[in-house]
Amino acid sequence: MWRKMISYIAIIAVTMAAFFTAAMSTQASRAFSDVSESHGAHKEIEYLVGKGVIKGYTGEDGFAIFKPNNKVSRAQVAKMLVIASGQNPADTTESSFTDVEATSEYIPYIERAVELGYFEVEKGQKFFPHEAIKRGEMSYALVKAFDLDTSDFEGEDTIFSDVTANHKYATSINTVYYNGLAIRAMNFKPDNTLSRAQFSSFVARASSEDFRLELPVKGETNVAEKPDPKEVIAIVSSTTQAAPIYAETKVNSKVMGNVNTGGKLAVYDMQDDWLKITYNGEFGYIQKNNVAYVDATTREPLGVSTKKVKANQDLNLYFDASSSSKKITQVGVIKKGTELDVYTSKDGYYQVAYKNVPGYIVANSTTDITPVQPTPPTAGPTSTVGRVTVDYVNVRAQANNQSKQVGQLRMGQRVAVNKISGYWANINYNGQSAWVYKSYLKLLNQNGLPLQNRIIVIDPGHGGKDPGAVSNGYNEKSIVLKVGNLVGQKLRAAGADVRQTRTTDKFLELGEIVDFTNRNEAEIFVSVHVNSFSGQNAHGTETYYSVSAGDMYKEDHDLATFINTQIVNNANMYNRGIKTAPFYVTRNVIIPAVLVELGFISNDSDRAKLVSDKYVEIYAESIYQGIVQYYSKQ
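Description of the structure in this document. (Residues numbered from 1 in each chain as written. Predicted model: local features only at pLDDT ≥ 70, side-chain atom pairs only at ≥ 80, totals over all residues. Heavy atoms only, no water.)

**What to know about a negative patch on the surface**
A surface patch of negative charge is lined by Asp147, Asp149, Asp152 and Glu154. Relative to the helices and strands, Asp152 is located in the loop between α5 (135-145) and α6 (170-178). (Patch = residues over 30% accessible without salt bridge, like charges linked within 9 Å, V, L, I, M, F, W, Y side chains within 5 Å. Areas by Shrake-Rupley, 256 points an atom, 1.4 Å probe, with all protein chains shown as cover. Salt bridge = Lys/Arg side-chain N within 4 Å of Asp/Glu carboxyl O. Lys, Arg positive; Asp, Glu negative; His and termini not counted. Charge placed at Lys NZ, Arg CZ, Asp CG, Glu CD. Helix = DSSP H or I, 4+ residues; strand = E, 2+ residues; numbered from the N terminus.)

**Digging into the side chain of Gln566**
Among the secondary structure elements, Gln566 is positioned in helix α10 (residues 553-570). Apart from the residues within four sequence positions on either side, Gln566 is in contact with Ala571, Ser622, Gln625, Gly626 and Gln629. (Contact = heavy atoms within 4.5 Å.)

**Concerning the sheet that holds strand β15 (residues 366-368)**
As summarised here, the arrangement of the three strands in space is β11-β10-β15, forming an open sheet in which the pairing is antiparallel. Where the open sheet ends on each side, the last strands, each with one partner, are β11 (339-342) and β15. Neighbour-to-neighbour, the strand axes of this sheet turn through a mean angle of 35°, independent of strand direction. Judged from the four bridges that link them, strand β10 (residues 307-311) and β11 form a sheet pairing that is antiparallel. What sits directly across from Lys307, in β11, is Val342. (Pairing = 2+ DSSP bridges. Axes fitted to C-alpha atoms, helices over the stretch in contact; angles between N-to-C directions.)

**Notes on the packing of aromatic side chains**
Tallied over the entire structure, the rule returns 18 aromatic pairs. With a centroid separation of 5.2 Å and an interplanar angle of 80°, the aromatic rings of Tyr268 and Phe283 are classed as edge-to-face. Here Tyr268, found in strand β6 (residues 264-271), pairs with Phe283, found in strand β8 (residues 282-287); they are 15 residues apart in sequence, far enough to count as distant. Ring geometry for Tyr630 against Tyr631: centres 5.1 Å apart, planes inclined by 75°, an arrangement best described as edge-to-face. Like Tyr630, the residue Tyr631 is buried in the burial classification. Joined through ring pairs, the aromatic side chains of Phe153, Phe160, Tyr177, Tyr178 and Phe188 make up one cluster. One Lys or Arg, Arg196, reaches over the ring of Phe66 and ends 4.3 Å from the middle of that ring. Between Lys438 and the ring centre of Tyr423, over which it is positioned, the NZ or CZ distance is 5.6 Å. (Phe/Tyr/Trp six-rings, centres within 6.5 Å; stacked < 30°, edge-to-face > 60°. Buried < 20%, exposed > 50% of the residue type's maximum accessible area, 1.4 Å probe, protein only. Lys NZ or Arg CZ within 6 Å of the ring centre and 35° of its normal.)

**A short note on unusual backbone geometry**
With a phi angle near 70°, Asn453 is a residue other than glycine that sits in the positive phi range. Note that Asn453 resides in the loop between β22 (441-445) and β23 (455-460). When its relative accessible area of 53% is taken as the criterion, Asn453 is described as exposed. Not every positive phi belongs to a glycine, and Asn472 is a case in point at roughly 50°.

**Some details on the side chain of Thr543**
Its location among the elements puts Thr543 in strand β28 (residues 541-545). Under the relative-accessibility criterion, Thr543 is labelled buried at 0%. For Thr543, the side chain forms a polar contact with the side chain of Asn564, separated by 2.7 Å. Those residues in contact with Thr543 that lie beyond four places of it in its chain are Ala560, Asn564, Gly577, Ile578, Lys579, Val594, Leu595 and Val596. (Polar contact = N/O pair within 3.5 Å; in protein donor to acceptor, adjacent residues only side chain to side chain.)

So this is what it looks like as structure tokens:
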């Protein structure tokens, strides 16, 4: 009997040993249980683990996990790049940045990374250690950390349709691509964030040639010929959603891709109804009726015409304000006697538009004729007053930043506003017509309709692939979309010009939200969100605004206070107060901007209100009334 039992025990022991040996063998083949051998970045992550560049977390089952899909933060990037590039962390435990916790393990790495120039930030400022790094910033950091030669790529266009030669990170992105660190794609998406796995792939490629992609060579046809940016004759902006780009000047030719409304393209030639442009680093063609010409410098429509001139002789139209600039011969010579609207003056040249194409002509080869007269002020009391929200606002003769400065306004001053043109306000200044940047004015209607014609952006947070906070089967993106759409309806009914970042379940990157706000010439911005916490205790409403240099933070505070108070009172919410935080969407616009957290979806009481149609109406009405209150304050 005992002999049999001993035999059974021995068999079980051998079996269990074999099981654990197999399990350990499988686990040993990969460092992290959530990065399988078939994962696209498996080898790169294993390589970096071996070099001590990265480490993971301990999962609930006790095995190491990597969390490959998590966003990689700026602090994590600093540490990984310092180690991967063979540098030592700084010999300090004190941070030079106001927002880096005193106990943070990343302090020595952040200090060294900044010292080595991996990040464009000065000590004494904020580092935003927990903010996810963007792909453009990442390319710059990689170039610096691994001392990649940028000399062949400065001032050059890229193969990526969303990164032109004048993009802040164009040189770094070109350098990263031609060193085999980035794959070829239609877009580089410089404002997008990236995951820990994606960043690991970039670092591994930079660290070892074994992981480099096949190195593209400039000029090879299989890589895409690099058009010479010096040959650009115009910039156009798509006026059509998903406008097709063709390989040839015929609609039945191959479609190379599409460009959405607002997308910018460099023009190299004009052929009847077609424009030759660059797309994804290659030449292509787009129909003229799908685009509009824009200012090549600002990438925006031309401003307000300041006067008219007549050509004294036949004139060339130049791409820039220089005789050595590219001649736009495709529009022909401007004949003597031609009358032209002038938009700006620069270095002895006038910016004009000839046959709708912007360009420059020699100023002293023209004669002034009757200037364009500004719209006269409304008879009697002006219908709109602008209250200056920051100090030392420049007053200019024309609606552009290069125009002659005719004076300055101080915070609190009031000026009569005659009309608005894009981001510029025409005002009465010392008895004359002048222009100021409207973002520095609070536009106050004097006709008893505080919201009429005010341009307001409502941003229902998250959306699409990003559900936001989730609890008990409910998600943030659906709740705030209902509220945001209702707010939009109420504002429009009051005469406001409302622009919503989304009215359906779609996802926008943070950079896209900021671009949308700027592109729509917004006057205030309100982002609607729902809060969450790991426990039940957190509850109530809070509203955030950002403070940055030159910002009209008092206006932000007013807007936040009015909205927050309305929600607390009307929805009977616990008041968590008005707070400051460097949220990307509020700190990257120069208009009053707030982020509202309606309540906590993780709290039973708050959630019951958030998912109730009755309270959705109350939240929307409260935000609306807060905005009315803001514009009613003179």
